[in-house]
Amino acid sequence: MTLDFDSEDLPTNTSQNEHFQNVVNRAVNRRGFLFKTGVGAAAVAFLSAGLAGCGGGGDADPTPAPPAADPDLLGFTGIAIGTDDSVHVAPGYTASVLAPWGTPLFSSGAGSTWAGDASEDAAAQARQMGDNHDGIHYFALAGRSDEGLLVMNHEYTNPQYLFTDGVVNSLDDANKDLNAHGVSVVHIRRTAGVWNIVLDSTYNRRITGDTPMQLTGAAAGHALLQTTADATGTVALGTLNNCGNGFTPWGTYLTCEENFNQYFGTTNTAVPGMTRNANQLRYGLAGAGTSRKYEQYHDRFDWQKEPNEANRFGWIVEIDPFDPASMPKKRTSLGRIKHENAAYAIAADGRVVVYMGDDQANDYIYKFVTAGHYIEGDTANNRDLLDTGTLYVAKFNAGAVANDMMGTGEWMPMTTANPALAAYATQAEILVNTRLAADAMGATPMDRPEWVAVHPQTQEVYVTLTNNSGRSTTDDANPRTANVYGQIIRWRETGGDPTALTFEWDLFVLAGNPTIAQANPLNKGSANVTSDNTFNSPDGLGFDRDGRLWIQTDGNYSNTGNYANQGNNQMLCADPRTKEIRRFFVGPVECEVTGLSFTPDSKTLFINIQHPGEGGNSHWPEGGAALPRSATVVITKDDGGVIGT
Ligand code: FEO
Ligand code: CA
Ligand code: CA
Ligand code: CA
């Protein structure tokens, strides 16, 4: 569980929209899903009905073309849980550490050495790797699988390790904290089998909580985005709480601003909480001071002084890693939520569809469909595709379906033409208030939507719903009250068309724990959960080029109670055709495993270990008495083969 000063488990959604769990329960009751085998005709039928070709969507670059589907996708031997302060990977594989927090990107000047005792100042941190590695993507240079740009998010910070005294109590501290956030672009190269940073590369770049970036799209320039420092409403400072990521087929990185609310508070606590408007409450801004304490050092983080500054966060930001001088762009047309990640599909006519989850208990799933059409290699055409299009929010129904899917669903357009949004005069107002607008439309509240992934061949869509442990309803229609384990659902767009307005959905796995006796059998999970693969709180999610589904967890690592025999957070791999799930990797103490990207040959896998030792009990990766450090882990197969085989 991340100790990230946010309460994703606590809903801010006060709408009366029917919860997805109710929909699932009706479907489960109707079809007895949980008691069917997980390896059967239904699963195979789900995949075979999908769209062929079109590519895109998987977490791999488009070339080279994937080989024909392997009948035995999972070729590795699953491993046991781990509880020690080290990483474990399947037999025949090697995991090594790259670019931990504080690693210098330049050989001279500020930050060119790692002190190891948190004594760096803000200027040094701005030239070193940030903290809390999260979403990640490998951009090949000239198509190479041994040299590229590794781009990753730094979601938040661990002040207990970032500062010698463990707290922000000076302007430089606040700025160091801002500089440990954001994104890193790192030139890496493999030499003699070992991946290293190319120090001083002109590609190396830190983007922080203070880097100027352009607001673009339908909300750009609107009065709600204007501040004292920026009367135009078009230039924001920084990106914060960058959680999951996406990438585009035209070679850019998408970084997703999640729990931005934790940075905005007020030093005026005379009447705490009394003056926040509906938007500030729905997005969870604090009525008083924050743990981050930015509001004490920068007026823009005090919402009573700068009420619109927070409106400039909560967006998806597009970054061109190949142009170090380029200004990142906040793409407002994709909506303002607590963005987890962004996964694309391409329609037959070239329109680009971006799927997105809003990670909070009882929040929603969205997709954006571009108006323009992607043209391979046409940079001028593709550059600003994400500025114009239509945002939709999902409604899941349990309605009858004529196949083995569990229910139907619809995508509801979030435009001023929608009568449900008559209260909004402009698209900009809908976008800044995305959550409130979706409330008014009857969108389906979900159990904390985390990462979305699109199958590279079928374009079917999977999403992790990490958990919703705070839900206390106890009626018969809610068998997974206190949903402590989470689930993965998937859907198939009508006609295999990502732009379709309707879909059919299915449960891929209900996580659970068959190793412990529980009064409620539903807590044991679906049939594809076993004592060998049990896990909780699926979060990171992505496909490789061959269609293996990689599942990462950010859950309870106590290894006791409901979580007994689940160990540290981990990464598993699933075959979407059979629903089989196998454990591939286990992280160190008190970490989360997150973010994944492959080289084009699929022979190197990059993942991130975030916040090892968040509870004070890790020294990973160095060991001894060293500070624990978030880091990238590079996984290769000892025989040089494809990851997962
Ligand atoms: Fe930053 Fe929803 O995980
Ligand atoms: Ca301090
Ligand atoms: Ca996450
Ligand atoms: Ca999470």
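Residues numbered from 1 in each chain as written. Chains lettered and ligands numbered in written order. Predicted model: local features only at pLDDT ≥ 70, side-chain atom pairs only at ≥ 80, totals over all residues. Heavy atoms only, no water.

> What is the right way to read the overall build of the protein from this model?
In terms of regular secondary structure, the protein is built from nine helices and 31 strands. Looking at the protein as a whole, 61% of its 645 residues qualify as buried. Considering only intrachain contacts with a sequence separation of at least 6, the fraction spanning at least 24 residues in the protein is 67%. Carbon together with sulfur atoms contributes 53% to the accessible area of the protein, which is approximately 20600 Å² in total. (Helix = DSSP H or I, 4+ residues; strand = E, 2+ residues; numbered from the N terminus. Buried < 20%, exposed > 50% of the residue type's maximum accessible area, 1.4 Å probe, protein only. Contact = heavy atoms within 4.5 Å. Areas by Shrake-Rupley, 256 points an atom, 1.4 Å probe, with all protein chains shown as cover.)

> Help me understand the coordination of the calcium ion (ligand 2), please; the structure alone is not making it clear to me.
Each pair of donors in an ideal octahedron of six around a metal sits at 90 or 180 degrees, and each pair in an ideal tetrahedron of four sits at 109.5 degrees. On the protein side, the calcium ion (ligand 2) has Asp165 (OD), Asp165 (OD), Val167 (O), Asn169 (OD1) and Asp173 (OD) as donor atoms, found 2.2 to 2.8 Å from it. Relative accessible area serves as the criterion here: at 43%, Asn169 is assigned to the partly exposed category. (Donors = N, O, S within 2.8 Å, 3.2 Å for Na, K, Ca; no water.)

> Quick question: what am I supposed to make of the sheet that holds strand β10 (residues 242-247) here?
Remark on secondary structure: sheet strands pair via backbone hydrogen bonds, oriented parallel or antiparallel. Spatially, β9-β8-β13-β12-β11-β10 is the arrangement adopted by the six strands of the open sheet, whose pairing is mixed. Of all strands in the sheet, those with a lone pairing partner are β9 (235-237) and β10, marking the two edges. The average angle at which neighbouring strand axes cross in this sheet is 35°, direction not considered. The pairing of strand β8 (residues 212-216) with β9 spans three bridges and is classified as antiparallel. The residue of β9 that forms the bridge with Met213 is Ala236. (Pairing = 2+ DSSP bridges. Axes fitted to C-alpha atoms, helices over the stretch in contact; angles between N-to-C directions.)

> I tried to follow the coordination of the calcium ion (ligand 4) on my own but got confused; where do I start?
In this structure, Glu450 (OE), Asp539 (OD) and Asp554 (OD) serve as the protein donors to the calcium ion (ligand 4), at separations of 2.3 to 2.6 Å. Each donor residue of the calcium ion (ligand 4) belongs to the same chain, and together they define the spacing E-x88-D-x14-D. Taken as a pair, the calcium ion (ligand 4) and the calcium ion (ligand 3) show a spacing of 3.7 Å, with Glu450 coordinating each metal. On the criterion of sequence distance, the pair formed by Glu450 in strand β21 (residues 449-454) and Asp539 in strand β25 (residues 538-543) is long-range, its members being 89 residues apart. Asp539 carries the same exposure label as Glu450, and that label is buried.

> Explain the sheet that holds strand β27 (residues 570-574) to me, please; I cannot follow it from the model alone.
In spatial order, the strands read β1-β28-β27-β26-β25; together these five strands make up an open sheet with antiparallel pairing. Each edge of the sheet is formed by a strand with only one pairing partner; in this case those strands are β1 (88-89) and β25.

> Would you mind showing me how to read the nonpolar core here?
In globular proteins that are soluble, nonpolar side chains generally tend to be buried together. Judged by nonpolar contacts, the single largest core of 49 residues is most densely connected at Val354, Met356, Tyr366, Val393 and Met414. For this core, the leading source of residues is helix α8 (residues 427-432), giving four residues. Every residue in contact with Val354, bar those within four places of it in the chain, is listed here: Leu334, Ala342, Ala343, Tyr344, Tyr366, Lys367, Phe368 and Leu386. By size, the runner-up hydrophobic cluster in this structure holds 26 residues, among which are Phe396, Met406, Met446 and Leu510. (Core = buried A, V, L, I, M, F, W, Y, C linked by side-chain atoms within 4.5 Å.)

> Is there a simple way to explain the pairing of strand β6 (residues 194-197) in this structure?
Along a regular strand, successive side chains alternate from one face of the sheet to the other. Only one face of β6 is buried: it carries Trp195 and Ile197, and the other face, with Val194 and Asn196, is open. Note: strand β5 (residues 182-191) against β6, four bridges, orientation antiparallel. Each bridged residue has a counterpart across the sheet, and for Ile188 the counterpart in β6 is Ile197. Here β5 folds back onto β6 in antiparallel fashion, the turn holding two residues, of which Ala192 has a positive phi close to 50°.

> Help me understand the pairing of strand β23 (residues 487-493) in this model?
Along β23, seven of the seven residues are buried, which leaves the element largely enclosed by surrounding structure. The side-chain alternation of β23 yields two buried faces, one formed by Gln487, Ile489, Trp491 and Glu493 and the other by Ile488, Arg490 and Arg492. In this structure, strand β22 (residues 461-465) lies alongside β23, joined through five bridges in antiparallel fashion. From the neighbouring strand, Val463 faces β23, where its bridge partner is Ile489. Of the pairings in the sheet, the one linking β23 to strand β24 (residues 502-510) comprises seven bridges and is antiparallel in character.

> Got a minute to help me understand the environment of Gly555 in this structure?
Turning to its location among the elements, Gly555 is positioned in the loop between β26 (549-553) and β27. Exposure remark for Gly555: the relative accessible area of 1% places this residue in the buried category. Taking C-alpha positions, Gly555 is 8.3 Å from Phe535, a pair spaced 20 residues apart along the chain.

> Quick question: what am I supposed to make of the confidence of the model for the protein here?
Close inspection of predicted coordinates is inappropriate for parts of the model with low pLDDT. Model confidence for the protein is summarised by a mean pLDDT of 90, while 89% of its residues fall at 70 or above. Predicted confidence is poor over residues 31-67, with pLDDT under 50, and the contacts of this stretch with residues over four places away or in other chains come to 91 contacts. (pLDDT = per-residue confidence, 0-100.)

> Help me understand the packing of aromatic side chains, please; the structure alone is not making it clear to me.
For any two aromatic rings, the description comes down to two numbers: the centre-to-centre distance and the angle of the planes. Per the counting criterion, the structure on display carries 30 aromatic pairs. Judged by centre distance (6.2 Å) and plane angle (70°), the rings of Tyr485 and Tyr563 are edge-to-face. Of this pair, Tyr485 sits in the loop between β22 and β23 while Tyr563 is found in the loop between β26 and β27, placing the two residues 78 residues apart along the sequence. A single burial state applies to Tyr485 and to Tyr563, both of which are buried. Three or more aromatic residues link up through ring pairs in this structure, and these residues are Tyr355, Phe396, Trp411, Trp491, Phe503 and Trp505. (Phe/Tyr/Trp six-rings, centres within 6.5 Å; stacked < 30°, edge-to-face > 60°.)

> Whenever I open this one, unusual backbone geometry confuses me. Can you help?
Outside of glycine, negative phi angles account for most residues, and trans bonds account for most peptide bonds. Following Trp620, the chain continues into Pro621 via a peptide bond in cis, with omega recorded as 5°. Located in the positive-phi region is Lys293, a residue other than glycine, with phi close to 70°. Topologically, Lys293 is positioned in the loop between α6 (278-282) and β12 (316-319). One non-glycine residue with positive phi stands out, namely His611, at about 40°. Along the polypeptide, His611 turns up in the loop between β30 (604-610) and β31 (631-637). A relative accessible area of 0% means that His611 is categorised as buried.

> What's the story with the environment of Thr494 in this structure? I'm lost.
With respect to the helices, strands and loops of the structure, Thr494 is situated in the loop between β23 and β24. For the pair Thr494 and Thr408, spaced 86 residues apart in sequence, the C-alpha to C-alpha distance is 9.7 Å. Those residues in contact with Thr494 that sit more than four places away from it in its chain are Ala500, Thr502 and Phe503.

> Would you take a moment to explain the pattern of salt bridges for this structure?
Working definition: two side chains of opposite charge can pair if their charged atoms are close together. Tallied over the entire structure, the rule returns 34 salt bridges. Between Glu450 and Arg448 there is a salt bridge; the shortest N-O distance is 3.3 Å. Taken as a pair, Glu450 and Arg448 share a single burial class, namely buried. Among the ionic pairs, Asp575 bridges to Arg577, the shortest N-O distance being 3.1 Å. On the basis of relative accessible area, Arg577 is assigned to the partly exposed category, the value being 23%. Here the salt bridges share partners, and the residues they tie into one network are Glu8, Asp9, Asp359, Arg448 and Glu450. (Salt bridge = Lys/Arg side-chain N within 4 Å of Asp/Glu carboxyl O.)

> What am I meant to see in helix α5 (residues 171-179) here?
Count 3.6 residues to each turn of an α-helix, and residues three or four apart come out pointing the same way. Of all the positions in α5, only Asp173, Ala174, Lys176, Asp177, Leu178 and Asn179 are classed as buried. Tucked inside the fold, the buried residues of α5 contact α3 (122-125), α4 (159-162) and β7 (205-207).

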